[in-house]
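Given next are the chains, with one letter for each unit.
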Amino acid sequence: MIKDNYGRAVSYLRLSVTDRCNLNCFYCRPCKNMRFIPHDQILTYEDMFRLLGVVSEMDVQKVRLTGGEPFARRDILYFLNRIKDDFPRLDIRVTTNATLIAGKIRALKDIGIKGLNISLDTLDPNKYAEITGRNSLDNVLTSIDRCLEEGIRVKVNVVALKGVNDDELEGFVNLAMTKPLDVRFIEFMPIGQKTLWNKEHFWPAREIIRGIGMLTGLNSVDQPVVNNGPARIYSLDQGAGRIGIISPLSNHFCGTCNRLRITADGRLRTCLFSDKDYRLLPLIRSSKISRERLKAVLEKAGMKKPMGHELVEQKNGKSTSFCKRVMSSIGG
Ligand code: SAM
């Protein structure tokens, strides 16, 4: 088991399978001429299997594939299938922009994917194109419906951006009212050296909750303390779905953080907000490094997992960005 010096146990791994994305969301990859990680420095599927074999013996129970856009990586269904075959007890999830999944939803169901987190920051087609650089809103909405038909749980992730989508609260509440899915608002975080984050764009969780409360009745849902996600969940009076609030800035959840992140180039990050990472790729690829040795490295790194909010407080006033790497290369 991977346990840190604060007594938090790691049971959840976020694995970035690529740093490439078919969308260009302005807040995620603000730099127009993004340099991608060269192919030979990206974890291969074999590398990832080796890693998953090791962590699954260390009490990691849940793996989320993220990116970049996971479905932009070639043969991703083959990879998901093999994970399911080789690690049947692992709970596999995927975070996606859902623009590339249209023909794959039945296959995802057959593989046993229980849930998808789908990023969608607006319900307005023109705004969607402005935010992402593509005209794919209809495609995404259709795929959400298809997932629900197949019984795949959907969490719609909305990055809360004042001046961009704060006028759409009613539309998103209506989505959660009419469909059996969670709409989760995530506070915009200053991630990446060239982040466009500023106070004017920051739409804090308490304002979102207050705004929703003016539209409908909100009832806080009790969540288990262990292995609980970062969202505070609310049911809606007479709603088919629910609302979630993720507030890394205004109300952090570091005390219950149970996750580690692996970037597409095989670096272990113990905290989203810390640029301190551990280069695992050469160890994973080396035939001289045993599984036991890899486990020891993970245990040692895991022990040093910091309290993210302390890092954020230390940085306060010194720089607007919490860390140098952009979100698309960390995996969110
Ligand atoms: N391409 C996939 C997707 O769109 O869901 C997975 C990768 S994306 C980096 C993961 C999540 O991070 C998305 O929900 C995205 O909106 C979110 N994200 C990116 N930059 C962010 C920021 N600065 N603050 C908050 N969330 C952010």
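Just so we're clear, the structure is a prediction, and the values are computed from it rather than from any experiment.

Draft legend 1. Representation of a positive patch on the surface. The grouping of Lys276, Arg293, Lys300 and Lys304 at the surface amounts to a positive patch. Looking at where Arg293 falls in the secondary structure, it is placed in helix H9 (residues 291-303). Residue classification places Arg293 among the partly exposed positions, given a relative accessible area of 48%.

Draft legend 2. Spatial organisation of the site of the ligand. In the vicinity of the ligand there are 16 residues, among which Tyr27, Gly68, Glu69, Ser119 and Met189 approach most closely. Note that an oxygen atom of the ligand is positioned 2.4 Å from one of the side-chain N or O atoms of Ser119. At 2.8 Å, a backbone N or O of Met189 approaches a nitrogen atom of the ligand. Taking 560 Å² as the accessible area of the ligand by itself, protein coverage stands at 94%. Taken together, the elements giving at least two residues each to the shell around the ligand come down to strand S5 (91-96) and strand S7 (153-160). In terms of residue class, the shell around the ligand is made up of six nonpolar, eight polar and two charged.

Draft legend 3. Broad picture of the sheet that holds strand S14 (residues 277-279). Sheet architecture is open: 12 strands sit in the order S9-S10-S11-S8-S7-S6-S5-S4-S3-S12-S13-S14, paired in mixed fashion. Each of the sheet's edge strands pairs with one partner strand only, and the pair in question is strand S9 (218-220) and S14. Strand-to-strand twist across the sheet, computed as the mean angle between neighbouring axes with direction ignored, equals 25°. Two elements, strand S4 (residues 62-66) and S5, share four bridges in a ladder whose sense is parallel. Bridging across to S5, Arg64 finds its partner in Arg93.

Draft legend 4. Summary view of the side chain of Arg269. Inspection of the secondary structure puts Arg269 in strand S13 (residues 267-269). Only 2.9 Å separates the side chain of Arg269 from the backbone oxygen of Ser274, close enough to count as a polar contact.

Draft legend 5. Representation of the pattern of salt bridges in the model. Under the defined criterion, the tally for this structure stands at 21 salt bridges. Of the charged contacts in the structure, one is a salt bridge between Arg285 and Asp47, with a shortest N-O distance of 2.9 Å. Placement of Arg285 in helix H8 (residues 281-285) and of Asp47 in helix H1 (residues 45-56) is noted, with a sequence separation of 238 residues between them. We classify Arg285 as partly exposed; its relative accessible area is 37%. Two residues, Glu150 and Arg146, come together in a salt bridge whose shortest N-O distance is 3.1 Å. Under the relative-accessibility criterion, Glu150 is labelled buried at 10%. Judged by its relative accessible area of 28%, Arg146 is partly exposed. Bridged by salt links that share partners, the residues Glu57, Arg291, Glu292 and Lys295 form one connected network.

Draft legend 6. Seen up close, the pairing of S5. Counted residue by residue, S5 has six buried out of six residues, so it is predominantly covered. Burial along S5 is two-sided: the residues Asp91, Arg93 and Thr95 and Ile92, Val94 and Thr96 are all buried. For the handedness criterion, the β-α-β arrangement of S4, helix H2 (residues 76-86) and S5 is classed as right-handed. Where S5 and strand S6 (residues 115-119) come together, four bridges link them in parallel fashion. Residue pairing across strands places Val94 opposite Leu116, the latter belonging to S6. In this region the chain leaves S5, passes through helix H3 (residues 105-111) and returns to the parallel neighbour S6; the handedness of that crossover is right-handed.

Basis of the calculations
- Residues numbered from 1 in each chain as written.
- Predicted model: local features only at pLDDT ≥ 70, side-chain atom pairs only at ≥ 80, totals over all residues.
- Heavy atoms only, no water.
- Patch = residues over 30% accessible without salt bridge, like charges linked within 9 Å, V, L, I, M, F, W, Y side chains within 5 Å.
- Areas by Shrake-Rupley, 256 points an atom, 1.4 Å probe, with all protein chains shown as cover.
- Salt bridge = Lys/Arg side-chain N within 4 Å of Asp/Glu carboxyl O.
- Lys, Arg positive; Asp, Glu negative; His and termini not counted.
- Charge placed at Lys NZ, Arg CZ, Asp CG, Glu CD.
- Helix = DSSP H or I, 4+ residues; strand = E, 2+ residues; numbered from the N terminus.
- Buried < 20%, exposed > 50% of the residue type's maximum accessible area, 1.4 Å probe, protein only.
- Near = heavy atom within 4 Å.
- Polar contact = N/O pair within 3.5 Å; in protein donor to acceptor, adjacent residues only side chain to side chain.
- Nonpolar A, V, L, I, M, F, W, Y, C, P; charged D, E, K, R; others polar.
- Pairing = 2+ DSSP bridges.
- Axes fitted to C-alpha atoms, helices over the stretch in contact; angles between N-to-C directions.
- Right-handed = clockwise from strand over helix to strand, strands pointing away.

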